[in-house]
Amino acid sequence: MLYETAARAAEVLALNVEDLDLEHRRAPVRSKGGAIEWVYWDSGTAHLLPRLLRLPDGTTRTHGPLFLTERRPVPARQPAAGDICPHTGRARLGYDRARVLLDKYAGLDLHQLRHSAATHLGEAEVPLQLIMGKTRHKNPRTAMRYVKPGAEAIAAVTEHLAPPRRRH
């Protein structure tokens, strides 16, 4: 979901099940400035979300935090009521724990997924304005730092500098 939405990890981790618009593959997030903006995902996330929402008895979670820790919180570390799943009693997955799990199981950094999404869009020659829209950056200079085309993209653009071919 982080890769497909190109959203900030904190925004995605703050999502609740009831926030999801599964039909339109989108969800509202609170951006850094406090505004409500939409993030969009594609088939990879759409395929995995039903598994994430399924309960052991076969029913589906309808509200509460989207991403959950593996265990129930201990009484000494009781999170806010809104951060506990009413179906399972498990707490919302926090940034630090998500970072540790992603590194352990995938060898990735949470922010690296956002960076990779923007870079892959740049390599696909998506215009900067659309990359800014996807990543929700307001300043082109900020978005440009994420768009670092790889060697293949640079080699491909070099063809445009070649002299015109003769036609005989």
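A brief report on the enclosed structure follows. It should be emphasised that the depicted structure is a prediction, and the values quoted were computed from it without experimental measurement.

To continue, consider the pairing of strand S2 (residues 36-40). It is a general feature of regular strands that their side chains alternate between the two faces of the sheet. The alternating pattern of S2 places Glu37 and Val39 on a buried face, while none of Ile36, Trp38 and Tyr40, on the opposite face, is buried. Taken together, the five bridges between strand S1 (residues 26-30) and S2 define a ladder with antiparallel strand orientation. Following the sheet pairing, Val29 is matched in S2 by Glu37. Linking two consecutive strands that pair antiparallel, namely S1 and S2, is a turn of five residues; a positive phi of about 100° is found at Gly34 within it.

Attention shifts here to the packing of aromatic side chains. As enumerated under the stated definition, the model contains zero aromatic pairs in all. Stacked on the ring of Trp38, the Lys or Arg Arg26 has its end atom at 4.0 Å from the ring centre.

Turning to the packing of helix H5 (residues 110-123) against helix H6 (residues 128-135), a few remarks are in order. Closest axis-to-axis distance for the H5/H6 pair is 10 Å, and the angle between their directions is 160°. As summarised for this structure, H5 and H6 are arranged roughly antiparallel, according to the angle between their axes. In the packing of H5 onto H6, the handedness of the crossing is right-handed. For the pair H5 and H6, the contacting residues are Arg114, Ala118, Leu121 and Gly122 in the first and Ile131, Lys134 and Thr135 in the second. Its residues placed into classes, the contact of H5 with H6 shows three nonpolar, two polar and two charged.

Further remarks concern unusual backbone geometry. Positive phi, close to 55°, is recorded for Ala6, a residue that is not glycine. Secondary-structure assignment places Ala6 in the loop between helix H1 (2-5) and helix H2 (9-13). Since its relative accessible area comes to 0%, Ala6 is described here as buried.

Right, let's get into the nonpolar core. In this structure, Met1, Val12, Leu15, Leu20, Leu66 and Phe67 are the most contacted members of the largest nonpolar core, which totals 23 residues. Of all the elements in the fold, those that place two or more residues in this core are H2, S1, helix H3 (43-53), helix H4 (95-106) and H5. Contact partners of Met1, with chain neighbours within four places excluded, come to Ala6, Val12, Leu15, Leu20, Trp41, Thr45, Leu49, Leu66 and Phe67.

Here we come to the environment of Ala80. Looking at the secondary structure, you find Ala80 in the loop between H3 and H4. When the C-alpha positions of Ala80 and Arg92 are compared, they lie 9.6 Å apart, and in sequence the two are 12 residues distant.

For the structure shown, the criterion picks out eight salt bridges. For Glu37, the salt bridge is made with Lys138, and the minimal N-O distance between the two is 2.8 Å. Residue Glu37 is found in strand S2, and its partner Lys138 is found in the loop between H6 and helix H7 (140-144); the two are separated by 101 residues along the sequence. Lys138 gets classed as exposed once you look at its relative accessible area, which sits at 64%. Here Arg97 makes a salt bridge to Glu70, at a shortest N to O gap of 3.2 Å. Of this pair, Arg97 sits in helix H4 while Glu70 sits in the loop between H3 and H4, placing them 27 residues apart in sequence.

Relative to the 20 Å expected for 14 residues at 1.5 Å per residue, H5 spans 21 Å between its end C-alpha atoms, a close match to the ideal helical length. Those residues of H5 that fall on the buried side of the exposure criterion are Leu110, Leu113, Arg114, Ser116, Ala117, Ala118, Thr119 and Gly122. Against H1, H2, H4 and H6 lie the buried residues of H5. The opening residue of H5 is Asp109, an N-cap whose side-chain oxygen sits 3.0 Å from the backbone nitrogen of His111. Among the residues trailing H5, Glu125 stands out with phi positive, at a value near 60°.

Definitions and cut-offs
Within each chain, residue numbers correspond to sequence positions counted from 1 in written order. Predicted model: local features are reported for residues with pLDDT of at least 70 only, side-chain atom pairs are reported and counted for 80 or more only, and whole-chain, interface and lining totals are derived from all residues. To get the side-chain values, all heavy atoms of the structure are used, and hydrogens and water are removed first. Burial classes: relative accessible area under 20% of the type maximum marks a residue as buried, over 50% as exposed, and values in between as partly exposed (1.4 Å probe, protein chains only). Per the convention used, a helix needs a DSSP run of H or I reaching at least four residues, while a strand needs a run of E reaching at least two, with both numbered from the N terminus. Here, a strand pair is defined by DSSP locating no fewer than two bridges between the strands. Two aromatic rings from Phe, Tyr or Trp, using only the six-membered ring of Trp, form a pair when their centres are within 6.5 Å; if the ring planes differ by under 30 degrees the pair is stacked, by over 60 it is edge-to-face, and anything between is tilted. Charge-over-ring contacts are defined here by two conditions on Lys NZ or Arg CZ: a distance within 6 Å of the ring centre and an angle within 35 degrees of the ring normal. Note on geometry: axes are C-alpha line fits, over the in-contact stretch for helices, and angles between N-to-C directions span 0 to 180 degrees. Roughly parallel means an angle under 35 degrees; roughly antiparallel, over 145; roughly perpendicular, 65 to 115; everything else is oblique. Each helix crossing is assigned a hand: it is left-handed if the near helix lies turned anticlockwise from the far helix by less than a right angle, otherwise right-handed if that turn is clockwise. Here, two residues are considered to be in contact whenever any of their heavy atoms come within 4.5 Å of each other. When residues are grouped by polarity, Ala, Val, Leu, Ile, Met, Phe, Trp, Tyr, Cys and Pro land in nonpolar, Asp, Glu, Lys and Arg in charged, and all others, Gly among them, in polar. Take the buried Ala, Val, Leu, Ile, Met, Phe, Trp, Tyr and Cys residues and link them wherever side-chain atoms come within 4.5 Å; each set so joined is a nonpolar core. Counted as salt bridges are all cases of a side-chain nitrogen of Lys or Arg within 4 Å of a carboxyl oxygen of Asp or Glu. Under the convention used throughout, the expected extent of a helix is 1.5 Å for every residue step, that is, one less than its residue count. A 3.5 Å cut-off defines polar contacts: any pair of N or O atoms within that distance qualifies, except that in protein one atom must be a possible hydrogen donor and the other a possible acceptor, and neighbouring residues in sequence count only when both atoms are side-chain atoms.

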